[in-house]
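The residues making up each chain are set out below.
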Amino acid sequence: MKVFLFLLFLLLPDGILSSDCPKDCSCSTPESILCFQRRSSTIPQGVPTFTKNLYLFANGIEGLTTEDFDGLESLEMLDLSQNKLTELPDRVFEPLTSLRNLDLSSNQITHISEECFQGMALLERLYLYSNHIKTIHPAAFNGLEQLLELKLQGNQLTSLPALSMPRLLLLDLRFNVLPSLGPSDLQTPNLESLKLAGVGLTSLDEELMASLRNLHELDISGNQLETFPQALKEARGLIHLSLAGNPMGPLKVQDLQNLGELQELDISNLSLQGLPEEFSQLFPHINKLTVAENPFNCLCTLAWFPSWLRAQGITLERTEETRCHFPPINAGKVLERLEHRDFGCPTTTTVTTSTVKTSTTLPIPATTFPSTTRDIPVPRPSDNPIDTEDDSPLPPVPASPSSSSMDPEEEQHFCPSNTCLNGGTCRLDQRGQVECTCLHGTSGIYCEIRHHHPASPPEVKMPMATVTADAPDISSRHVTSTSILLDLHRYIEMRPYIRGIRLTYRNLSGPDRRPMQLSLPASYPEYRLRGLKPNSTYNVCASPLGSPNGMDSVCTEAHTAAQQHSTTGAQIEDKRLTTMLVPAIAILLLLVLIAAAVGVVCYLRRKRAKGHLDLDCEPSQLELEGVKAGLDNGALPQKQPELMIPEPAVQNGNLEYEVLLLQDHCSSNNNMSSHKPSYF
């Protein structure tokens, strides 16, 4: 009998007798029992007293009593998640004197009473997330001095009891309604991880953050923070930080300069258009970065980003959601997969321009962030910039600083080419965002909307400015009967702050004196007015783009030359007439020759009829067909790009054509083939 019992003990897993394992449970190890989906509303009976780990998740348990845990003093882990618990009786877990881990997540609990967790002095982890908890008694967590982790996310809390937990390392309060938290709420000096996503924060308490000196992980995503929290500027020990989904707008370099220990950063969904290149120097230890759902301008100022990711081996999370928004050529492309050439970075150039008396070398504006310089070229000036009543786009060019009131010591930011559309001028502000100033008749963030019927510009009163003859701000030269070349070198040189030039001109000699306006970038030192009337006096004024009409306006007068009558046109007409007459005369001569041949044939027939002349051949009908075709075509065409060669034709070695004017089809014993037309 003893031998039989011994063999039975050996056959059972790890020596557990079948009578020691609760019904519908698995007892694979002596200390762990797994009861999964038992479909019972109560705790299983007969759990061995030596059990240390009891897993009862998704069993359908609806209530607990103190008697359910009698004799389980050795239990260290109790998992009651995903059941149907709605309340926790007072001191229900008191028999579990060794319990260290309690998981009550994903139930339907609505309230935590004062004595729910009494007697649990050794508890280290308490998980209450994904319930319906609305209230927690202020003393509910008293006595849990050994607690290391407390998870309350996904409940309906609107207030939080003061948490005095000296050993707490992780606190998860995400997705409750806790818009304000102060140092009195969290007396947790050793806290390492604080998760406050989606709790409605409008600010982050500086005193609270100062008290959490051991904090390494902070999640404040999905809140209502409109500016970068001042409290984070001194949070030097952070390793993981999430700012995603806050309406705080673009980040500044100085906001992040003290966060050099970061290894993981989430700045997705912050409406970022770009990132300054200093970003790569701020985080030498970063290995995971999330910048998804931002409308990036994939211009030259962002060309450093993909190569930096690859060079440092940084993992870009949510790669497929990190795409370009602008310019159109890159819109929708995955940012990480772009090469440096895809950002349209120009080469460094300088432009040398000259006035009547002096020569000046103008440095090219550069796109800069602090300690960063990128050179931008000035495109070649166009002779046809957009007029205010025209829909044709102005070639995009870099723009000058945006305002005359800007501090001259402030670092300027210039746009790369191809940024603003339809002739708009642009600049990059301190945060690297694009600002476009649109021409009349266009609108939109990038001047991408063109109005089909723009309103006519108002009548502009053009004050005459007094300029010296020695050094006028604008002058005219290379005047023709229909154009005037304007010299704007001095005007631009004397006004380095302007971002563009408004040119207004009108004809003082004609009946129509309505002013015409043009908008030019400040990078056009010369511009030619075209389509002018001959022998007319024009008044031309220049003023800074964006300034009130007449403000800082400089004017000049220029007289177009009289129209000169030359023989050039007549010579061209003569050439055209000669070109048309030569083929016409050739065709006439051909017809005369054919007529002569026909006359010879008629003469021979008449002579044969009279003199009984014997011929073995009949005249060809080719000549007659040619004459008929010529008559059917009527008069000679006005344009004849090429001459049709009458058949048959033989091409000789001199690339000329010998036309057989008379072809007879004579009877012959050798059956010689007739000539066929050549199409080559």
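Residues numbered from 1 in each chain as written. Predicted model: local features only at pLDDT ≥ 70, side-chain atom pairs only at ≥ 80, totals over all residues. Heavy atoms only, no water.

### A short note on the side chain of Asp103
By secondary structure assignment, the location of Asp103 is in strand β5 (residues 101–103). Within the buried set, Asp103 has no salt-bridge partner at all; the shortest N-O distance to an opposite charge, 8.1 Å, is to Lys151. Sequence-distant contacts of Asp103, defined by excluding residues within four places in its chain, comprise Leu78, Asp79, Leu80, Ser81 and Tyr127. (Helix = DSSP H or I, 4+ residues; strand = E, 2+ residues; numbered from the N terminus. Buried < 20%, exposed > 50% of the residue type's maximum accessible area, 1.4 Å probe, protein only. Lys, Arg positive; Asp, Glu negative; His and termini not counted. Salt bridge = Lys/Arg side-chain N within 4 Å of Asp/Glu carboxyl O. Contact = heavy atoms within 4.5 Å.)

### Observations concerning the state of the cysteines
Per the stated rule, a full pass over the model turns up 5 disulfides. The side chain of Cys25 participates in a disulfide bridge whose partner is Cys35; the two sulfur atoms lie 1.9 Å from each other. Sign of the S-S torsion, about 110° for the bond between Cys25 and Cys35, identifies this disulfide as right-handed. With a gap of 10 residues between them, Cys25 in the loop between α1 (2–11) and β1 (26–29) and Cys35 in the loop between β2 (32–34) and β3 (53–55) connect regions that are remote in the sequence. Of the residues examined, Cys25 reaches a relative accessible area of 15% and is grouped as buried. (Disulfide = S-S within 2.5 Å.)

### Regarding helix α5 (residues 304–312)
Of all the positions in α5, only Trp304, Phe305, Pro306, Trp308 and Leu309 are classed as buried. Of the residues trailing α5, Gly313 is marked for its positive phi of about 65°.

### Points about the sheet that holds strand β29 (residues 475–477)
Whenever strands of a sheet pair, they do so through backbone hydrogen bonds, lying parallel or antiparallel. Spatial ordering of the open sheet is given by β29-β30-β33, a layout of 3 strands whose pairing is antiparallel. If you trace the sheet from one side to the other, it starts and ends with β29 and β33 (526–529), each paired once. The sheet shows a mean angle of 35° between the axes of neighbouring strands, direction not considered. Bridge count between β29 and strand β30 (residues 484–487): 3 bridges; the pairing is antiparallel. What sits directly across from Ser475, in β30, is Asp487. (Pairing = 2+ DSSP bridges. Axes fitted to C-alpha atoms, helices over the stretch in contact; angles between N-to-C directions.)

### Comments concerning the pattern of salt bridges
Taken as a whole and assessed by the stated rule, the structure comprises 16 salt bridges. With a closest N to O distance of 3.4 Å, Arg91 and Glu115 form a salt bridge. Here the residue Arg91 occupies a position in the loop between β4 (77–79) and β5, and Glu115 occupies one in the loop between β6 (111–112) and β7 (125–127), the gap between them amounting to 24 residues. Residues Arg100 and Glu124 are paired through a salt bridge, measuring 3.3 Å at the closest nitrogen-oxygen approach. With a gap of 24 residues between them, Arg100 in the loop between β4 and β5 and Glu124 in the loop between β6 and β7 connect regions that are remote in the sequence. By relative accessible area, which is 31% here, Arg100 ends up partly exposed. Salt bridges sharing common partners tie together Arg100, Glu124, Arg125 and Glu149.

### Concerning the pairing of strand β31 (residues 500–507)
Within β31, 7 of the 8 residues are buried, which leaves the element mostly enclosed by the surrounding structure. Pairing geometry for β31 and strand β32 (residues 516–521), over 6 bridges, is antiparallel. Opposite Gly500, over in β32, you have Pro521 as the bridge partner.

### Remarks on the environment of Leu289
With respect to the helices, strands and loops of the structure, Leu289 is situated in strand β17 (residues 288–290). Residues Leu289 and Leu316 lie 27 residues apart in sequence; the distance between their C-alpha atoms is 5.1 Å. Sequence-distant contacts of Leu289, that is, excluding residues within four places in its chain, are made with Leu265, Phe279, Phe305, Trp308, Leu309, Ile314, Thr315, Leu316 and Glu317.

### Notes on the confidence of the model for the protein
In this model, the protein carries a mean pLDDT of 75, and residues with pLDDT of at least 70 account for 67%. Overall, residues 453–469 carries pLDDT values under 50, and its contacts beyond four positions in sequence, including any with other chains, amount to 30 contacts. Every residue in residues 566–570 is under pLDDT 50, and counting partners more than four places away or in other chains gives 0 contacts. (pLDDT = per-residue confidence, 0-100.)

### With respect to the environment of Thr290
Among the structural elements, Thr290 can be located in strand β17. Under the relative-accessibility criterion, Thr290 is labelled buried at 9%. Sequence-wise, Thr290 and Thr315 are 25 residues apart; in three dimensions their C-alpha atoms are separated by 8.5 Å. Not counting residues within four places of it along the chain, the set of residues in contact with Thr290 comprises Leu265, Asp266, Ile267, Ser268, Glu317 and Arg318.

### Focus: the sheet that holds strand β34 (residues 537–544)
What the 4 strands build is an open sheet, ordered β32-β31-β34-β35; its pairing is antiparallel. Edge positions in the sheet fall to β32 and β35 (554–559), since each has one partner strand and no second. Going across the sheet, the axis of each strand differs from the next one's by a mean of 25°, ignoring polarity.

### Overview of the packing of aromatic side chains
Scanning the entire structure with this criterion turns up 11 aromatic pairs. Pairing Phe117 with Phe141 gives two aromatic rings, centres 6.3 Å apart and planes at 15°, and the pair type is stacked. Of the two residues, Phe117 is situated in the loop between β6 and β7 and Phe141 in the loop between β8 (135–136) and β9 (149–151); the sequence distance between them amounts to 24 residues. Residue class for Phe117 comes out buried when judged on its relative accessible area of 1%. An aromatic cluster is built from Phe279, Phe283, Trp304, Phe305 and Trp308, whose rings are joined through pairwise contacts. The side chain of Lys151 reaches across the aromatic face of Tyr127, ending 4.6 Å from its centre. Above the face of the Tyr491 ring, Arg495 is positioned so that its terminal group lies 4.0 Å from the ring centre. (Phe/Tyr/Trp six-rings, centres within 6.5 Å; stacked < 30°, edge-to-face > 60°. Lys NZ or Arg CZ within 6 Å of the ring centre and 35° of its normal.)

### Structural notes on the side chain of Asn258
As for its placement among the helices and strands, Asn258 is situated in the loop between α3 (253–256) and β16 (264–266). Separated by 3.4 Å, the side chains of Asn258 and Arg236 make a polar contact. Excluding residues within four positions of it along the chain, Asn258 makes contact with Lys233, Glu234, Ala235 and Arg236. (Polar contact = N/O pair within 3.5 Å; in protein donor to acceptor, adjacent residues only side chain to side chain.)

### Quick notes on unusual backbone geometry
For residues that are not glycine, phi is negative in most cases, and the peptide bond is trans in most cases. Look at the link from Phe326 to Pro327: it is a cis peptide, with omega at 0°. Here Pro327 lies in the loop between β20 (324–326) and β21 (351–354). At Phe175, a residue that is not glycine, the phi angle is positive and equals roughly 60°. With respect to the helices, strands and loops of the structure, Phe175 is situated in the loop between β11 (170–172) and β12 (186–187). The backbone phi angle of Arg318 is positive, close to 55°, even though this residue is not glycine.

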